[in-house]
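Notes for the structure review
If you want the building blocks of each chain, they are given just below.
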Amino acid sequence: MFYGIINIKLSHHSMKSKLIALSIIGSLFCKAQESETSKLETLEDFEIIGKNESLSTLTLGIEDLRKGSDAVNPLDSLNRVPSVYFGGADQQGFYEYGQNFNLRIFTKTQIAVTVDGVPLNNQSPAGGTPVGRFIDNETLQSVTVNQGSGDISTASNFGLGGRIDFITGAPKQMQDLEVSYLVGSDNLSRAFVRADTGTILGGGTAYVSFSDTSFDKWRSAGDQLRKHLEAKYLHPLDNGSIGANFYWNDRDDHDFLNVTYAEFQQFGRMKGLNTTWYHFDTDKAKQVSLNEYYFDTWTNRRDDWLLSFPFLLDVSDSLTLSATPYFSENEGVGTWSPPQVYTTFNADGSLNTGGASDNTQSSWRETQYALERAGFTADAEWETESFLIKLGMWYEKYQRDHRREWFQFADTVGFDKGSVSSYGVQFDRLYEIDTMMLYGSVDYALSENLSASVGARWHEMEFEASDKFNAANKITGEDKDSFLPHVGLVYNLSDTNQVYASFSENFSQRPDSAIMQTAPVVEPEHSYNYDFGYRSAQENLYYNANLFLIDYKDVIESYNPGNIYGNESVFENIGGISSWGIELASGLELSEGLDIFGSLTWNNSEYDKDIVEAGPDGNLNTADDTVAAISGKNVVMIPEFSYFLEVTYGTGGYLLGLNNRFIGERETNRLNQGEVLESVNLMGAFAKYSKEVDENSAFTVSFNVLNMLDEEYLATTSDLGSGASNTAGSASFAPGAPRTYSLQFSYDF
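Scope of this entry: the structure provided in the associated data block. As the structure is a computational prediction, the values presented were derived from the model and not from experiment.

In this section: the environment of Glu-178. The residue Glu-178 is located in strand E11 (residues 175–184) in this model. Considered as a pair, Glu-178 and Asp-196 are 18 residues apart in the sequence and their alpha carbons are 8.6 Å apart.

Another point: the packing of aromatic side chains. Scanning all chains against the criterion turns up 31 aromatic pairs. Pairing Phe-86 with Phe-101 gives two aromatic rings, centres 6.3 Å apart and planes at 70°, and the pair type is edge-to-face. Pair noted here: Phe-86 is in strand E5 (residues 84–87) and Phe-101 is in strand E6 (residues 100–103), with a separation of 15 residues, a long-range link. You'll find Phe-86 and Phe-101 in the same group, each marked buried.

On inspection of all chains with the given rule, the structure shows 33 salt bridges. Between Arg-133 and Asp-304 there is a salt bridge whose closest N-O contact spans 3.2 Å. With a gap of 171 residues between them, Arg-133 in the loop between strand E8 (118–119) and strand E9 (140–146) and Asp-304 in strand E17 (residues 299–308) connect regions that are remote in the sequence. According to the relative accessible area criterion, Arg-133 is buried, its value standing at 0%. Where Asp-479 meets Arg-510, a salt bridge forms, and the shortest distance between an N and an O atom there is 2.9 Å. Remark: Arg-510 occurs in the loop between strand E27 (497–508) and helix H4 (512–515) and Asp-479 occurs in strand E26 (residues 470–494); sequence separation between them is 31 residues. The burial state of Asp-479 is the same as that of Arg-510; both residues are buried.

Inspection of the sheet shows strand E19 (residues 319–336) paired to strand E22 (residues 363–383) by 18 bridges, in the antiparallel sense. Within E22, the position partnered with Pro-325 by the bridge is Phe-376. Pairing of E22 with strand E23 (residues 387–408), which is carried by 21 bridges, proceeds in the antiparallel orientation. If you follow Phe-376 over to E23, its bridge partner there is Tyr-395. Counting the residues in the hairpin turn of E22 and E23 gives three residues.

To continue, consider a nonpolar patch on the surface. On the surface, Tyr-530, Phe-532, Leu-547, Leu-549, Trp-580, Ile-582 and Leu-584 cluster together to form a nonpolar patch covering roughly 560 Å² of accessible area. Put simply, the parts of the chain that give the nonpolar patch at least two residues each are strand E28 (525–537), strand E29 (541–553) and strand E32 (577–591). Structurally, Phe-532 can be placed in strand E28.

Conventions used here
- Residues numbered from 1 in each chain as written.
- Predicted model: local features only at pLDDT ≥ 70, side-chain atom pairs only at ≥ 80, totals over all residues.
- Heavy atoms only, no water.
- Helix = DSSP H or I, 4+ residues; strand = E, 2+ residues; numbered from the N terminus.
- Phe/Tyr/Trp six-rings, centres within 6.5 Å; stacked < 30°, edge-to-face > 60°.
- Buried < 20%, exposed > 50% of the residue type's maximum accessible area, 1.4 Å probe, protein only.
- Salt bridge = Lys/Arg side-chain N within 4 Å of Asp/Glu carboxyl O.
- Pairing = 2+ DSSP bridges.
- Patch = residues over 30% accessible without salt bridge, like charges linked within 9 Å, V, L, I, M, F, W, Y side chains within 5 Å.
- Areas by Shrake-Rupley, 256 points an atom, 1.4 Å probe, with all protein chains shown as cover.

Here it is, written out as structure tokens:
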């Protein structure tokens, strides 16, 4: 087990010559760079907190990322990071509509995420680019989490607080074939293969990997399917490198039924969708109301690909240039069977889903998504004797189609999706956004032990939203902030102790669906992030303590006005959130092979303004407006207290681990009117054995248990219920999965 810290200490001499040991963390099974003599050796694995940054930062390496089942969403491993919460409706964290992902007070649509340096869109399953579609655990090399303000170079339209960088491994220098097969609870099956070419084409290296995953929903019926391919080529240059990365993902899944707090108390965690398609001779209204919840009409399909061309050039000892052009496409559809067929149309020809309907017939509703992105990032670093200058830019052209079509079922005895026929389109919209971001920063050594960082970003998005039913219904404009500052200080108390502080202002565009909304007017969001921390690293001990403060302005929420079926969501700035908290992380080597790692978060977050919310007419400043007194109330679904604790022991090829994740109580509505989710302990365990067969091959067997105590709990919410205040009883939740097991066999040739 290795403990250490890498810190770049700025001085009035060359910074590259001032790499010293200061603050890297722990709990890792460190291996040397892979050689041709040992198949068990892997890239060195560190949990790194710090690195002379004025930000709160943690990097997870291979061993931490591969402790869990390779079928589990890569985001799940981030639960060991302070202030991170990831939970899902299924045992693998696969079902995207059932995921909650928070970093401090920010949700998955407000966190900047990159894969191999390429910025993703937001993490929304509906028209977004969730990171689980672009990486496999088997190819993942490291994940770096900035809990606070994120780096000055962050390329994101949604990065209000925090940034997460996923890095996949480079191709190997030697020919290699890796295969693995995993089985588990609920008919879980996962096959993975990776082939490395070794050196080709005059020094280049490449690999191709493919995985195929399937499992059943743990409640009700339906399966979850995923196929994923990655290909990477890296070619060295005299003073740099050029490469090509390709990622493709195809997924099909069945939805989980959310339940209310009261339903969970009454029925427990097993309440789910119907598994019978009903047919009655006379009571057709009852028939369609039951078939609304038939499992095979609640489905999602997504197809994604991403292509990038990373380039790196050391122009001189002091100047480095890098650039990454990228292209990405996504297509998808979500389906459902509403219990009516609408019979009227609006003047523009679109289907009127607030009008008259026949409630004796079932519809098949398809919400269709298509997303295209093309862009590039470009960065330059110039290093002198006493300072480091960074300049860069990000440009992206974004186009998203959003369409909803309605079909009518034939009245068949059994479920027959082939019997549907189209009868109307509710909406058909196109969103186009051009983004430009410029940044610059200077890191400067003020003294032998004190360094400062000062920088700023300029960020502009020009958008056009058009309605394909009505050409006159077109909106153009921009979301822009010309000055987003970032400042930081780092002071070395000694070679093993460091304090830091930082401030940044961050900015998020309006959701594209809110652009066409004329009332209420929605403004972009801003956040002001402050971090103050202390790091220390001893021979066998590392710890980090961080105090954060966040002033989150113009928070955008969406809700169904009046909670009336057929109403489209209304977006509204509901005011602000004030948050402050403490984050602790520590790694300790107790003895040879025996290690403990823990993290703890205390978070106090409150709304700072009452909400004036639209009534059933969907418009503000009308007679049916209401006021929700939420000022001073706790923010929903954010636990005040949480922690992660893990003990591992490794010897002679064996690795054993036991961990516990505690999630404190969470409010379920902004008025804090009862229905508090109880605290829960989620315990996990893993065992792994690795052995060299000969100098060219090795095998690994691993076993994992999730929710070992079989806790029954409500894990996530995707629907906070009626109105902006989401009063008690109206929210719905996804129960967490029961105890699950997985067993994996891997062989490396």
